[in-house]
Structure formats: C-alpha cells, structure tokens
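# An overview of the molecular structure
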Amino acid sequence: MFGSFRIPKGERTMLQGPITSDIIIIGGNSHVELLDLIACRLGVQNAGCAVFHTTNRETVVEIGDSVRGKDIYIVQTGTKDVNNNIMELLMMAYACKTASAKSIVGVIPYLPYSKQCKMRKRGCIVSKLLAKMMCTSGLTHVITMDLHQKEIQGFFDCPVDNLRASPFLLQYIQECIPDYRNSVIVARNPGSAKKATSYAERLRLGIAVIHGEQKEAESDEVDGRYSPPTLPRSRTMDVSVGVPIHPAKEKPPINVVGDVGGRIAIMVDDLIDDVQSFVAAAEVLKERGAYKIYVLATHGLLSSDAPRLIDDSAIDEVVVTNTIPHELQKMQCHKIKTVDISILLSEAIRRIHNKESMSYLFKNVTLED
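Here the structure is a predicted model, which means the values were calculated and not measured.

## A word on the overall build of the protein
The helix and strand tally for the protein stands at 9 helices and 15 strands. When the 369 residues of the protein are sorted by exposure, 49% land in the buried category. Taking the contacts inside the protein whose residues are at least 6 apart along the sequence as the reference set, 69% of them involve residues at least 24 apart. Just so you have it, the protein exposes about 19,700 Å², and 53% of that area is on carbon and sulfur atoms.

## Remarks on helix α9 (residues 342–353)
Relative to the 16 Å expected for 12 residues at 1.5 Å per residue, α9 spans 16 Å between its end C-alpha atoms, a close match to the ideal helical length. All of the buried residues along α9 are Ser 342, Ile 343, Leu 344, Leu 345, Ser 346, Glu 347, Ala 348, Ile 349, Arg 350, Arg 351, Ile 352 and His 353. One or two residues past the end of α9 sits Lys 355, with phi positive at roughly 55°.

## Quick word on the side chain of Thr 59
Along the chain, Thr 59 turns up in strand β4 (residues 59–63). Of note is the side chain of Thr 59, whose polar atom sits 3.4 Å from the side chain of His 53. Not counting chain neighbours up to four residues away, the residues in contact with Thr 59 comprise Val 51, Phe 52, His 53, Asn 84, Met 87, Glu 88 and Met 91.

## Comments concerning the sheet that holds strand β8 (residues 160–163)
Backbone hydrogen bonds hold the strands of a sheet together, and the pairing may be parallel or antiparallel. The strand order across the open sheet built from 5 strands is β2-β5-β6-β7-β8, with neighbouring strands paired in parallel fashion. Both edges of this open sheet fall to β2 (23–27) and β8, since each of them pairs with a single strand only. Ignoring strand direction, the axes of neighbouring strands in this sheet form an average angle of 20°.

## A look at the side chain of Arg 164
Relative to the assigned elements, Arg 164 resides in the loop between β8 and α4 (166–176). Lacking a salt bridge, the buried Arg 164 has Asp 146 as its closest oppositely charged neighbour, with an N-O distance of 4.3 Å. A polar contact is formed between the side chain of Arg 164 and the backbone oxygen of Asn 162, at a distance of 2.3 Å. Residues in contact with Arg 164, not counting those within four places in the same chain, are Asp 146, Lys 150, Leu 344, Phe 362, Val 365 and Asp 369.

## Observations regarding the state of the cysteines
Under the criterion given, the structure shown has 0 disulfides. You can see Cys 96 has no disulfide; the closest cysteine sulfur is in Cys 49, sitting 7.0 Å from it.

## Comments concerning the nonpolar core
Soluble globular proteins: nonpolar side chains tend toward being buried together. Of all hydrophobic cores here, the largest spans 49 residues; its most connected members are Ile 25, Ile 143, Leu 163, Ile 185, Ile 266 and Leu 345. If near-sequence neighbours (up to four positions away) are discounted, Ile 185 is found in contact with Ala 196, Tyr 199, Ala 200, Leu 203, Leu 205, Gly 206, Ile 207, Ala 208, Ile 266 and Val 268. Judged by nonpolar contacts, the second largest core, of 32 residues, contains Ile 24, Val 61, Cys 117 and Phe 156.

## Describing the environment of Val 209
Tracing the backbone through its elements, the reader meets Val 209 in strand β10 (residues 206–211). With 48 residues separating them along the chain, Val 209 and Val 257 place their C-alpha atoms 5.1 Å apart. What Val 209 contacts, discounting residues up to four positions off in sequence, is Ala 187, Asn 189, Pro 190, Asn 255, Val 256 and Val 257.

## Considerations on the pattern of salt bridges
Two side chains carrying opposite charge are able to pair once their charged atoms lie near each other. Here the structure, examined in full by the defined rule, presents 10 salt bridges. Between Glu 287 and Arg 288 there is a salt bridge, and its shortest N-O distance comes to 4.0 Å. A relative accessible area of 64% means that Glu 287 is categorised as exposed. Two residues, Glu 356 and Arg 351, come together in a salt bridge whose shortest N-O distance is 4.0 Å. Residue Glu 356 is classed as partly exposed on the basis of its relative accessible area of 33%. One network of salt bridges, in which partners are shared, links Glu 347, Arg 350, Arg 351 and Glu 356.

## Some words on the confidence of the model for the protein
Considering every residue of the protein, the mean pLDDT works out to 88; 87% of them sit at 70 or more. Segment residues 7–14: pLDDT under 50, and 10 contacts once partners within four positions in sequence are set aside and those in other chains are kept. Here residues 215–221 is modelled with pLDDT under 50, and outside its nearest four sequence neighbours on either side it reaches 3 contacts, counting other chains as well.

## Observations concerning the packing of aromatic side chains
All chains considered together, the criterion is met by 0 aromatic pairs. The cationic tip of Arg 188 hangs over the ring face of Phe 278; the distance from NZ or CZ to the ring centre is 4.4 Å.

Cut-off values and rules
Residues numbered from 1 in each chain as written. Predicted model: local features only at pLDDT ≥ 70, side-chain atom pairs only at ≥ 80, totals over all residues. Heavy atoms only, no water. Helix = DSSP H or I, 4+ residues; strand = E, 2+ residues; numbered from the N terminus. Buried < 20%, exposed > 50% of the residue type's maximum accessible area, 1.4 Å probe, protein only. Contact = heavy atoms within 4.5 Å. Areas by Shrake-Rupley, 256 points an atom, 1.4 Å probe, with all protein chains shown as cover. Expected span 1.5 Å × (residues − 1). Polar contact = N/O pair within 3.5 Å; in protein donor to acceptor, adjacent residues only side chain to side chain. Pairing = 2+ DSSP bridges. Axes fitted to C-alpha atoms, helices over the stretch in contact; angles between N-to-C directions. Lys, Arg positive; Asp, Glu negative; His and termini not counted. Salt bridge = Lys/Arg side-chain N within 4 Å of Asp/Glu carboxyl O. Disulfide = S-S within 2.5 Å. Core = buried A, V, L, I, M, F, W, Y, C linked by side-chain atoms within 4.5 Å. pLDDT = per-residue confidence, 0-100. Phe/Tyr/Trp six-rings, centres within 6.5 Å; stacked < 30°, edge-to-face > 60°. Lys NZ or Arg CZ within 6 Å of the ring centre and 35° of its normal.

Listed below in structure tokens is the structure:
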C-alpha cells in the first residue's frame, strides 16, 4: 500500500474555470506543503509573505507584494504549535486589512480550539473568542473543513464554508481497501454514531457502535456493602431541603453493539489526536472477531507518542487527510496513510473568487454529515 492517496495526475489542475490576476495567496509556517499544492492547482504564485520570530519569540509578518484592492487568501491550519499558528493568522489578516486589501479569506482546514466549543465549569467557550479575534483582525470569509461541531459557524460574524472530506475518504475505502463489501463501519463512541451512519448509508454497509469504558480492577468495583439502608417510599416524591444533586454518570464495561466477527472494521471520526481510545477500541474489535481494523479521520494531529502506539496496536491502517502536516509521524509509523484534499480547497477558492455558487461542493450533504 502506498503512503499517500492523491487525485490522478491528469486531474491535479483541472479546476472548472479560470483564475484572474487579482488573487493573492499567502500563508504562514503551519503547512507550507498544502499552501504550495493549492497555489499550483490554481495556477498562481505564492505571494511573498515572510513570517518569522524574533529572539524574544515575538511574531513578525512582512508582506512583500502590494495587496491594495486585491482578494487575499490566507492558508493557515492548526498544528501542535497552535498558539503561534493563531497569532500568525491574525497578524497576516491585520497586515492585509491595514494595507487596503479588497477581501481577506482565511483558509483554515483545521480550526484550532474547535473542541472547546462548549461551556465547562468555570472555563469559557474558546471557539467563540477565537472567532471574534479572527473577524476583528480583518477576515471577511472563512473556509474550513469538518468542524468538530457544525454550530461553531454561528460564532463567526462572517460567512463560513464548512467543507467535507468524506467523499475523499469514501473513495479511499472503495478503491484501496480490498473486499470492502465485507466491512462494517464502527463508531468509536455513541457521539460519533451519526458520522458512522452517514458512511454506512453511502457505502451500503452495516454499522457497529462501541459503548462503555475499559473494565476496572476487581478491587475498584462497588459491591454494595457500603450502600445506605433502603427507606420506605410513598407514591408522592417528597423533596427534602435543597435541590437534589445530579447523579454522576457511570459507564458500563466496554462493549460492541453490532456484529464485527469475520469482518473488516472501519472506525470513522473527525479528529485523531490522542490515540489511546482508538487503540483500546481496536483491541475490543479484535477480540470480537474483526480480522482487519482501519481508522479514518479528517484531521490527524497524532500528538505525543501516537505513532508508536499505533505501530504496536491491533490497528492495521490509519488514514487521514493532509489538513494537518504529519510527515514526521509517517516516518515513525508505516501504518499512517495520507489522502490529499487540496483540490477541494482550491475549487472552493476558485468559486468564491469568481462569485460562483458553492452548492456543488455540498451536493448530497445532509445535516447529519
């Protein structure tokens, strides 16, 4: 199996229309390879934009070409150096804004802090803060891909196009997984069941859901010996003083709902970062009789010692797109494969620039996708 799955060579620059000369594409240090691929597909040059750090770690942005009255597209994604990525994006956008650019579109394949989109205890909704900062810096449009929660689009005060990578991953399943008809799509947890269902319906396959968590040691089990005595209950509940405390959730031992015996198990998710939960799920699937296990995700952060854990696990292959650079992880683990999605971002840029409808890129996309 090859290391990366790309569009055939004859289709690499076959976008559906011309690009005029008043477009400028720049980018920071987050993903230079993706920036070059997009510029190559559009047939434009990467404009001269230098982003570097001084000795005291301050970020400096210098745009070499004139951007006055031009349409600017800034390609910057989230990586493990997330805070520098954000600062570079904000400074590039603000530099273009103060230089009288006509429009500034942020091409952010993986939106940083997208997992922090809900209020937790005394924290804050970081995605909302980041959206405000981006719009204030000068972004007039945002192109992203597979947001962790689709509702994040509502945090922005500018249009947001949330593209989908699923057509590329579905194509990979059909063309690169032998005997994929004998597969079952697996949701790693009930929260990802909608995504798994969407894949299963498009491929005409079955679905399985993993529920619960790994069983603890016997000494940690609650056997009821310390439970309070039972009290007589009336037919009318009498609430005592104060508001009753919400009971804590206790997950049952990890279990697979669905048949995976003698089948190929394909786990799907939007992000793979800490792989321990994927590894634990793969072990359970192997115990239930799955003879081959794939993991497909849009964004492959693969932090910490993820390559080593994947290499030592029951997972046969991890397939991610190039929204996030992971060349170093691929060198450390031969199981990691890449799907190139630069043609989708390029077509989105071309359509926005030519003021064409974006509906073609969302054909057959439902609310569950």
